[in-house]
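Reading the structure
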Amino acid sequence: MRPLKLKMSAFGPYKGEVEIDFTAFNQSALFLVSGPTGAGKTTIFDAIAYALFDKPSKDGREKDTYKSDHAKDTDLCYVELEFELGQKRYSVRREPNQTGPGTRTKTKQVAASVAFHNGDQVTTKINEANKEIEALLGLTHDQFRQIVMLPQGDFRRMLDSNSADKEKIFRNIFQTDQFEAFQEKLKEQAKVLKQERDSYAQAVSLAFQSIEIKDNQTLEKAIDQFDIPTVLEETTRLIETDAKHLTELKQKIGNLQEERTATERLIEYLEKKAALDKEKIELDATEKVVADYKEQLAKNDEAQKLVEAKKREHDLAQELKDEQIKRNDLSDKQKSLTDSLAEAEKQKALVQDELSKLDRVREAIQTLKKELERMSEVEKTEEAISQAEKQLKENRLRQASIKEKMEAVKQAVQSQQDELKELQHIKSSFPDSYDRIGKLKDKKSEAMQRLEKLKELCDLRKEGAEVKQVFSKANKDLKQATERLDEAKSAYYSNIAVVLAGDLEQNEPCPVCGGTDHPKKAHAAADSVSKEDVDRLEKLKADTEARYNRIGVHLQQLSEAVGKRCKELGIEHTDADEAFEQTKKSCRELTDELNKLEEDLKQKQKRVETEGKLTEKLEALQKEERELSEARVQLASDEQHMTRRIGELSELCSELKAAVSYDSEKQVKESIAEKEALIRKTEQAASDNQSLVQDLSSRQSANKQAIKLTEESINKLTDKHSEARIHFEHRLQESKLDDSFESLVLEHETADKMQRAINDYEKARHSLTVQMKEVQAHLDKEDKLLPVDDYRDQCESIIERLPDLEENRDDLVKTVNQNQRAVETITIHQGKSDELEKDYRIYTELAMMAGGTSNETDRISFERYVLGIYFDEILIAANERFGEMTNNRYELQRKMDAAKGNKPKGLDMDVFDYETGKVRGVNTLSGGESFKASLALALGLSDVIQSQSGGVSVDTLFIDEGFGTLDSDSLDKAIETLLDLQERGRLVGIISHVDELKTRIPSHIIVERTTAGSQVSVQTV
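Since the structure is predicted, the reported quantities are computational estimates derived from the model, not experimental observations.

About the thresholds
Residues numbered from 1 in each chain as written. Predicted model: local features only at pLDDT ≥ 70, side-chain atom pairs only at ≥ 80, totals over all residues. Heavy atoms only, no water. Core = buried A, V, L, I, M, F, W, Y, C linked by side-chain atoms within 4.5 Å. Buried < 20%, exposed > 50% of the residue type's maximum accessible area, 1.4 Å probe, protein only. Helix = DSSP H or I, 4+ residues; strand = E, 2+ residues; numbered from the N terminus. Contact = heavy atoms within 4.5 Å. Pairing = 2+ DSSP bridges. Axes fitted to C-alpha atoms, helices over the stretch in contact; angles between N-to-C directions. Parallel < 35°, antiparallel > 145°, perpendicular 65-115°, else oblique. Left-handed = near helix turned anticlockwise from the far one by under 90°. Nonpolar A, V, L, I, M, F, W, Y, C, P; charged D, E, K, R; others polar. Salt bridge = Lys/Arg side-chain N within 4 Å of Asp/Glu carboxyl O.

Looking at the nonpolar core
M8, I44, L52 and F170 are the most contacted members of the largest nonpolar core, which has 89 residues in total. At ten residues, helix α19 (residues 927–947) tops the list of elements feeding residues into this core. Not counting residues within four places of it along the chain, the set of residues in contact with M8 comprises Y14, G16, E17, V18, I20, T43, I44, A47, Y78 and V79. Counting 40 residues, the second largest nonpolar core, distinct from the first, contains I426, V467, L569 and A576.

See the structure below:
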């Protein structure tokens, strides 16, 4: 990636639009960004990082705070970057969240936006644009900060990063994701196989627990030893035995249950026969009552029909009578309607006469309304006169107010002019303040460096004192371990004599002295010591001695380090604490003085920053003064015009009053209201009369039709009544009942009760017959019938024996089923587990080797092994420049020894010092040496990336500070190294305050700070 053009507007310290053309440096690949502190040098790098990644070049700043404090709300903050990758050009524009210019309103809240141009395609969604640019560059924001753009304070991140951090950086660059995926796949497969293996083992163990062992000791022992073949064999044998016993038991229970069922059935039939005989006797007794019920119900049915026929004849007679009464009422109503209609017609003629007089009343109303209009004109004219007089009064008050304001504005203009003169004086004092602050910062920096070294010295002395105490204790522990070992050895050798003495026999030679007389044999002591005890104490002494030696070496190293620090600082080690406190006090005093000067300068700068606002305010006041003068002239002209207008309105008002006849508007409105009420009343009377005539005519016609329909209904009812009477008399004659037939009608409940009794009797009689035949058929099958009590005794005997037998059967069923399931589970899982165990071991070993957790691969993962090859190439390329910059004193080497604990390894670094011939950590390099190593590493990485065919292209390097740690010779070497990049077509940008760089690097981006915002200019060769 190579930037071509950068455009910033209202961004950071830049108020207006600033454009930087990087193509101007094509003849010089190395350029310097210079300017005072806070001017906005790092902001250029921030803008590039923001355009590419939507984030700044360093941590600690939010992207929504980019808008310049110098800019107005109506100014739009944005960044545009055009860059080149390969042979293709791209451009991106971003705007952060801000208050910006509006369309309908002066300002509005502008949401963050992006426009990424890739050929003809434009991406405007922020997340999508971020992903596209990251994929295009092949670098994340953090990787970009460690490889391409090295921000202030982060230059050493690549140098100090551990293997895990480098692995993340290199993965995207060298596209080793597939190796990581391969490692994860192996790890996941091993995990899945382990879970399956554990699942099988757990299933077998649970199956073991479910086996009913009983008193089988062989089976119990096999389960305890997890002996699967023996468990299967013994369990199968146990199942066969139990199954045979179960079959015999089931047969016995079945026979007893059949016998019980047959006996219970006989008892049931004998009891049922006795009950049926009793029921037959009861039915025979109710047969006569049922016959009487049937006769009463037959007469009830016939009487009911006669009652219904008589009721119909009576209902029709009553209905005929009602219709005749209705006809008479309708005739009376028709006569009344005819009289009312004649009266309404007379009233209609009178109303029509009144309507003909209303036209004259309406003409009178129109005359009165014109009178109201003339009176309204008079009122409006008087109101206009009043308003004009009020405006005239307000005009004169405003003229007086404007006069007072003009005096106040003149005084404010003079005050602003005096303030601006004072600000010019303050601005002239800034160079002297900058110089004093710069000197104090240098002095403070020196004091802080000395304070840091003194703190390290004090920490070393404190650590030395603590180590001395530990060393003293270790010495004491060593003496105790030596004494205990000596005592144990003495006791052990004594015990050896006891052992020999135990084997001695009288007149047999001693294996030690050869004597045959043994008057005093050695006897065992109470606290005997074994060979293992002696070995354990020897190991304890060796460990204690090793610890003692390590602490002694560490104490010596601390002593040498304290001496070295004291020599560098030029003090005695006993004066370290006092020197630290004095230096600390000096740093505080310098800080306080520096803060005071900076605060004073800040306050002055704040006042100077108001210069623009004061100038704007002065211009506004002068403009206001002119506007007030113009307004005063305009008000005087308006006063003359209003005076003339009031005179004209007064004349018009007099003329209108002379044409008015009535004394007041109220009289006119009352007269109009009275006449309009008369019109409404007359029209309403006419309408009511018309409605009445129409209603009476309609009602008369409807009543006439009703009379006709009623006559027709009377004729029909007369015929129906005659037919109904004849039908009743005919029915009475056929029924053979006399006129008292109504007494034969039964109550509804009584009839229902009799019918139910009849139905119940017939149903019971039929059921009894069927059941007696069924029972007798079953009893006839028995050769000899016993009394029912004998059968009951047999059944109770069977019931008492069954529960114990069924309980034994259920226990055996449960045991057999449970043991069969256990055998099936063990057989299934054992077969799968053997094959699974083999796969699990293979995948676990492969996952550990590939994942870097195996000692066989020195705990280096497959991916880090591949990246190590690239890393070696990076170190080779870096050492070419690192050697040149350090006069071949140092060489970066890949650290191959084991890391502490289980930390990832394989991508860590050490430095080999050719002066001492020793390898040491990169963290032991000085500030200047670390800068050289970091620069060499960044350039080496860039070289390797360029030589690879991967998707990452690094044509640019930005460095923010770090050159201040180099001496003159080292600075020359570093610049020569960076200038060498020009021949390879790379662009290197440096931010630095080192004055020598300004003369050694001809191409500059110069940032100048002003009270109205920073400005940028480009200086090329």
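Let's talk about the sheet that holds strand β1 (residues 2–11)
Here we have six strands laid out as an open sheet, ordered β2-β1-β4-β5-β8-β9, and antiparallel in their pairing. In this open sheet, the two edge strands, each paired with only one partner strand, are β2 (14–21) and β9 (121–123). Looking at each pair of strands side by side, their axes are set apart by 10° on average, direction ignored. Bridge analysis of strand β5 (residues 88–95) against strand β8 (residues 113–118) gives five bridges, and the strand direction is antiparallel. Each residue of the ladder has a partner; that of S91, found in β8, is H117. Along the sheet, helix α1 (residues 41–53) contacts β1, β2, β4 (78–85) and β5; its crossing angle with β1, the most-contacted strand, is approximately 105°. Running over the sheet, helix α2 (residues 126–137) touches β4, β5, β8 and β9 and is turned about 40° from β8.

Section: the packing of helix α9 (residues 287–355) against helix α15 (residues 665–735)
Between α9 and α15, the shortest axis-to-axis distance is 6 Å and the interhelical angle comes to 165°. Taken together, the axes of α9 and α15 are roughly antiparallel relative to one another. As for how α9 packs across α15, the hand of that crossing is left-handed.

Quick word on the packing of helix α7 (residues 217–224) against helix α8 (residues 228–285)
At their nearest, the axes of α7 and α8 sit 9 Å apart, and the two run at 150° to each other. Like other packed secondary-structure pairs, α7 and α8 cross with a definite hand, here left-handed. Mapping the contact onto sequence places T218, L219, A222 and I223 in α7 and T230, V231, E234, T235 and L238 in α8. Partitioning the contact of α7 with α8 into residue classes produces five nonpolar, three polar and one charged.

Thoughts on the pattern of salt bridges
Inspection of the entire model under this criterion finds 21 salt bridges. In this structure, R93 engages E80 in a salt bridge whose closest nitrogen and oxygen atoms are separated by 2.5 Å. A residue pair is termed long-range when its members are at least 10 positions apart, and R93 in strand β5 and E80 in strand β4 qualify at 13 residues. Several salt bridges converge on common partners, so that one network encompasses R889, D913, E915 and R920.

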